[in-house]
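A structural walkthrough
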Amino acid sequence: VSTQSTGYYITNNLRIAARDMRMMIIVLLVQLFAFSWSDTCGQDRVVLGDWFVSHGSPDLLEDPIPPLVSAVTTDPYSDPSNPPPSPDVYCAMQWSGNIDPSSGLQKYRLKNFATEAEAAAANYSITHKGHCGSCSSLQDLGVYIRQNLTDVTTKCSIKGIISRRWQNCCLKRLGFSDHCASIWSYNIFNTKKRCLWICLWQKIISEPYNRPDGSLNDCLQCDEDKSGPNFKYFSGRTRRNSGIPSSIQRPGSQVYNMEHCYWYGDVNETCIRNKPVGKMDLR
């Protein structure tokens, strides 16, 4: 009788555990689905990303342009005093209503604001938390939104082992502006210099981006520590501070919750020269 009772107890607990696990998976999937659409205002992220890429070139920016919204022309990792202190501000955009005669597209402005309320009062839309930088253009927002950047930029970094020119061409094929491609290139080069052997080993053993406890694998942690601070400062925009989901799991406290609902016209009517490489992965 004792053996039967014990068997029943174990079987019953296993059933309860299996039920609870199914419920947890369902809840996580619902949350993931909701999050994967929240930053795009319900629009298909590839369609919306394509629209921003084709309508958001830095060439459409009107003066005054924030000082860090430009190409990074010298290696920021060669100066040990970098990065400088970063102000606690918000980068916001506004369509100017002026038309660029060469493209027929609207021009827009980027500006730093001390608070969200200050940006709203000036009729600007927040495009990411933190100051405007090399990747703050709407073109680069589109690149961030429409694809899984972790996988495709890793492929660019592998090409960079052979040739930095191949690496830069790879980044441009993803749709990045010249401004944003410059800091990505320096970031990849520095990570290769500081983390190459660690990352090669992670590639060989195919370790997931995140460990079971949620921490980053050694390659991503090395990149975060050695290259992350300068990249965040000079790029301005990251997926985390733009509210964009990533295949790398991050603590909720690191993600700025926001939406990108500031397109004009029909978001489905767009002609794209740079198609996304790889599908969005929300693992």
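Residues numbered from 1 in each chain as written. Predicted model: local features only at pLDDT ≥ 70, side-chain atom pairs only at ≥ 80, totals over all residues. Heavy atoms only, no water.

1. A few points about helix α9 (residues 228–235)
- Along α9, 6 of the 8 residues are buried, which leaves the element largely enclosed by surrounding structure.
- Those residues of α9 that fall on the buried side of the exposure criterion are Gly228, Asn230, Phe231, Tyr233, Phe234 and Ser235.
- Elements in contact with the buried residues of α9: α4 (138–146), α7 (178–205) and α8 (218–226).
- Backbone geometry just after α9 places Gly236 at a positive phi near 80 degrees. (Buried < 20%, exposed > 50% of the residue type's maximum accessible area, 1.4 Å probe, protein only. Helix = DSSP H or I, 4+ residues; strand = E, 2+ residues; numbered from the N terminus. Contact = heavy atoms within 4.5 Å.)

2. Description of a positive patch on the surface
- A cluster of basic residues, Lys155, Lys159, Arg173 and Lys203, forms a positive patch at the surface.
- As for its placement among the helices and strands, Lys159 is situated in helix α5 (residues 149–162).
- Residue class for Lys159 comes out partly exposed when judged on its relative accessible area of 35%. (Patch = residues over 30% accessible without salt bridge, like charges linked within 9 Å, V, L, I, M, F, W, Y side chains within 5 Å. Areas by Shrake-Rupley, 256 points an atom, 1.4 Å probe, with all protein chains shown as cover. Salt bridge = Lys/Arg side-chain N within 4 Å of Asp/Glu carboxyl O. Lys, Arg positive; Asp, Glu negative; His and termini not counted. Charge placed at Lys NZ, Arg CZ, Asp CG, Glu CD.)

3. Description of the side chain of Ser54
- Along the chain, Ser54 turns up in helix α2 (residues 45–55).
- Here Ser54 falls in the buried class, since its relative accessible area comes to 17%.
- From its side chain, Ser54 meets the backbone oxygen of Trp51 in a polar contact 3.1 Å long. (Polar contact = N/O pair within 3.5 Å; in protein donor to acceptor, adjacent residues only side chain to side chain.)

4. Remarks on the sheet that holds strand β3 (residues 125–129)
- Overall, antiparallel pairing links the 3 strands, which are arranged β2-β1-β3 in an open sheet. This sheet does not close on itself; its edge strands, each paired only once, are β2 (106–113) and β3. Strand-to-strand twist in this sheet, taken as the mean axis angle between neighbours without regard to direction, amounts to 30 degrees.
- Bridge count for strand β1 (residues 90–99) against β2 is 7 bridges, and the pairing is antiparallel. The partner of Ile99 across the bridge, within β2, is Gln106. (Pairing = 2+ DSSP bridges. Axes fitted to C-alpha atoms, helices over the stretch in contact; angles between N-to-C directions.)

5. Regarding a nonpolar patch on the surface
- A cluster of nonpolar residues, Ile158, Ile161, Ile162 and Trp166, forms a patch on the protein surface that exposes about 440 Å² of accessible area.
- Per-element tally for the nonpolar patch: the top contributor is α5, with 3 residues.
- By the secondary structure assignment, Ile162 is in helix α5.

On their own, these measurements won't tell you what the molecule is for.
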